[in-house]
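Below are the chains, spelled out letter by letter.
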Amino acid sequence: MASLKDLRRRIRATKSMQQIFKAMEMVAAAKLRRAQARAQAASPYSAKISAMLANLAGAAAELEHPLFKAREVKTTALVLITADRGFAGPYNTAILRVAEQRLKNAVPGSVQCVVVGRKGRDYLKRRGYPVLAVYADLPGEASLELARTITNDLTAKFLSGEVDRVEILYTHFVNAVVRKVINETFLPIGEVASGNPGAGASSAGSALFEPDAETIFAELLPRYATAKLYASLADSLASEHSARMVAMGSARKNAGELVDSLTLTRNRLRQAMITREISELVGGAEALK
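To keep things clear, this report deals only with the structure shown in the data block. Position numbers for residues start from 1 in each chain and track the written sequence from start to end. The predicted origin of the model limits local features to residues at a pLDDT of at least 70 and limits the giving and counting of side-chain atom pairs to 80 or more, whereas totals for whole chains, interfaces and linings rest on all residues. With hydrogens and water excluded, all non-hydrogen atoms of the structure serve as input to the side-chain values.

**Brief notes about the overall build of the protein**
Per the convention used, a helix needs a DSSP run of H or I reaching at least four residues, while a strand needs a run of E reaching at least two, with both numbered from the N terminus. Secondary structure summary: the protein contains eight helices and five strands in total. Its helices and strands in sequence order give the protein the pattern α-α-β-α-β-α-β-α-β-β-α-α-α, from N to C terminus. Here the term buried applies to any residue with accessible area under 20% of the maximum for its type, exposed to any over 50%, and partly exposed to those in between, with areas from a 1.4 Å probe on protein chains only. Looking at the protein residue by residue over its 289 residues, the buried ones come to 43%. Note on areas: Shrake-Rupley, 1.4 Å probe, and residue coverage restricted to the protein chains presented here. Just so you have it, the protein exposes about 15,600 Å², and 55% of that area is on carbon and sulfur atoms.

**A short note on the pairing of strand β1 (residues 76-81)**
Taken across its six residues, β1 has six buried, putting it largely inside the fold. Here β1 shows no split at all, with Thr76, Leu78 and Leu80 on one side and Ala77, Val79 and Ile81 on the other all buried. Chirality of the crossover, the property in question, places the unit of β1, helix α3 (residues 91-105) and strand β2 (residues 111-116) among those that are right-handed. Both β1 and strand β4 (residues 165-173) contribute to a ladder of five bridges, which runs parallel. Each residue of the ladder has a partner; that of Leu80, found in β4, is Leu169. Whether a crossover is right-handed depends on one test, that the path from the first strand over the helix to the second runs clockwise when the strands point away from the viewer. Being paired, for any two strands, means DSSP has found at least two bridges between them.

**Side note on the environment of Thr171**
Residue position: Thr171 is located in strand β4. For the pair Thr171 and Leu237, spaced 66 residues apart in sequence, the C-alpha to C-alpha distance is 8.5 Å. Should any heavy atoms of two residues lie within 4.5 Å, those residues are counted as being in contact. Discounting residues that sit within four places of it in the chain, Thr171 has contacts with Tyr91, Ile95, Arg179, Lys180, Val181, Asp235, Ser236 and Ser239.

**Re helix α4 (residues 118-126)**
For α4, every residue scored as buried is listed here: Gly120, Tyr123 and Leu124. For α4, the buried positions fall inside an angular range of 90° around the axis, keeping them on one side. The outward face of α4, more than 90 degrees from its buried face, is lined by the exposed residues Lys125 and Arg126. Buried residues belonging to α4 abut β1, α3, β2 and β3 (131-135). Of the residues trailing α4, Gly128 is marked for its positive phi of about 75°. Each C-beta atom gives one direction from the helix axis, and the arc is the one those directions make.

**Quick look at the pattern of salt bridges**
Whenever Lys or Arg places a side-chain nitrogen within 4 Å of a carboxyl oxygen from Asp or Glu, that contact is recorded as a salt bridge. As enumerated under the stated definition, the model contains 14 salt bridges in all. Two residues, Arg165 and Glu167, come together in a salt bridge whose shortest N-O distance is 2.8 Å. By relative accessible area, Arg165 is classed as buried at 17%. Given a relative accessible area of 6%, Glu167 falls into the buried group. Residues participating in the shared-partner salt-bridge network are Arg34, Arg38 and Glu141.

**Observations regarding the nonpolar core**
Buried Ala, Val, Leu, Ile, Met, Phe, Trp, Tyr and Cys residues form a nonpolar core when they are joined through side-chain atoms within 4.5 Å. Within the largest apolar cluster, 38 residues are counted, with the highest numbers of intra-cluster contacts made by Leu53, Val79, Val166, Phe186 and Ile189. Elements represented by at least two residues in this core include exactly α1 (4-55), β1, β2, β3, α5 (144-160), β4, β5 (179-187) and α8 (213-288). It is α8 that provides the largest number of residues to this core, a total of eleven residues. Beyond its immediate stretch of four places on either side in the chain, Val79 contacts Val114, Val116, Leu154, Val166, Glu167, Ile168 and Leu169.

**Digging into the side chain of Glu240**
Tracing the backbone through its elements, the reader meets Glu240 in helix α8. Contact partners of Glu240, with chain neighbours within four places excluded, come to Ala83, Ala88 and Tyr91.

**A word on the sheet that holds β1**
Within the open sheet, the five strands sit side by side as β3-β2-β1-β4-β5. Their pairing is mixed. Here the strands that pair on one side only, and so sit at the sheet edges, are β3 and β5. Sheet twist, expressed as the average angle between the axes of neighbouring strands with direction ignored, equals 20°. Strand direction decides the pairing type here: β4 and β5, joined by eight bridges, are antiparallel. To obtain an axis, a line is fitted to C-alpha atoms, over the contacting stretch when the element is a helix, and the angle between two such axes runs from 0 to 180 degrees between their N-to-C directions.

**Quick word on a nonpolar patch on the surface**
In this analysis, a patch consists of residues with relative accessible area above 30% that form no salt bridge, clustered at 9 Å for like charges and at 5 Å for the nonpolar side chains Val, Leu, Ile, Met, Phe, Trp and Tyr. A cluster of nonpolar residues, Val174, Val177, Val178 and Val246, forms a patch on the protein surface that exposes about 300 Å² of accessible area. Here Val174 is to be found in the loop between β4 and β5.

**Section: α3**
Since there are 3.6 residues in each turn of an α-helix, residues three or four apart along the chain are aligned in direction. In this scheme, a helix's expected span is set at 1.5 Å multiplied by one less than its residue total. Here α3 contains 15 residues, and its C-alpha end-to-end distance of 22 Å stays within 8% of the 21 Å for a straight helix at 1.5 Å per residue. All of the buried residues along α3 are Tyr91, Asn92, Ile95, Leu96, Ala99, Glu100 and Leu103. All buried residues of α3 fall inside an arc of 140° around its axis, so they share one side. Exposed positions of α3 whose direction lies more than 90 degrees from the buried face are Arg97, Lys104 and Asn105.

Next up, the structure:
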């Protein structure tokens, strides 16, 4: 059994950890409010530009725009959005398990990962999976510049034929305690727009383009791709902060329960020591009679 001195030291250390967990929980809650606001602000724009693109999908098919053109899939780029830091409960683990299962089921070399975040990079490299590109040292908030950079790189790889399909694997923020891993097609855009075939068919013949369709799509498609990736990054960041807030809250509660348990053990040990000392005094007094 631990000594009274050891128990006191463990109680002090656990109380210090409890204070740290509480501070981290409060910081994560503050960051979650900002990240949630950004994710909610990005969602309407992404939904509207997606609907617009679906309405014009028929015209884009007639133009045979390269970002709309589906081809035989030999190589898929899987954009895996993780975090730079840990202490976020199952946030990173959940998405990495889905990615690893996808890699195991695919033909070797047919799926290559584009990793966002150090946690995903370290996990895949330790296991020897192919990593096409890495974006680490992420900013504290969802960055439009980062989304634009990743979009330009992915678009270049798709147009050059280095990859035939691009998918995004990220964590969708539902609420503070519920998150869901989502796998969506990013390129070719034609597969995304085909989700609403009726809209494209009905508007393809009636759409009027000013100045011309080529110019419109040259401007619209990069904006759509960037908006979609930015919304995914904002969603993932909100999910990360919510997972960290919940994890630190659980750690704080567990630390409190451990303090209570150690305090009870300490009090019982002190009571046993006092009882033993009293018994020794009484026994010594009886011996002197």
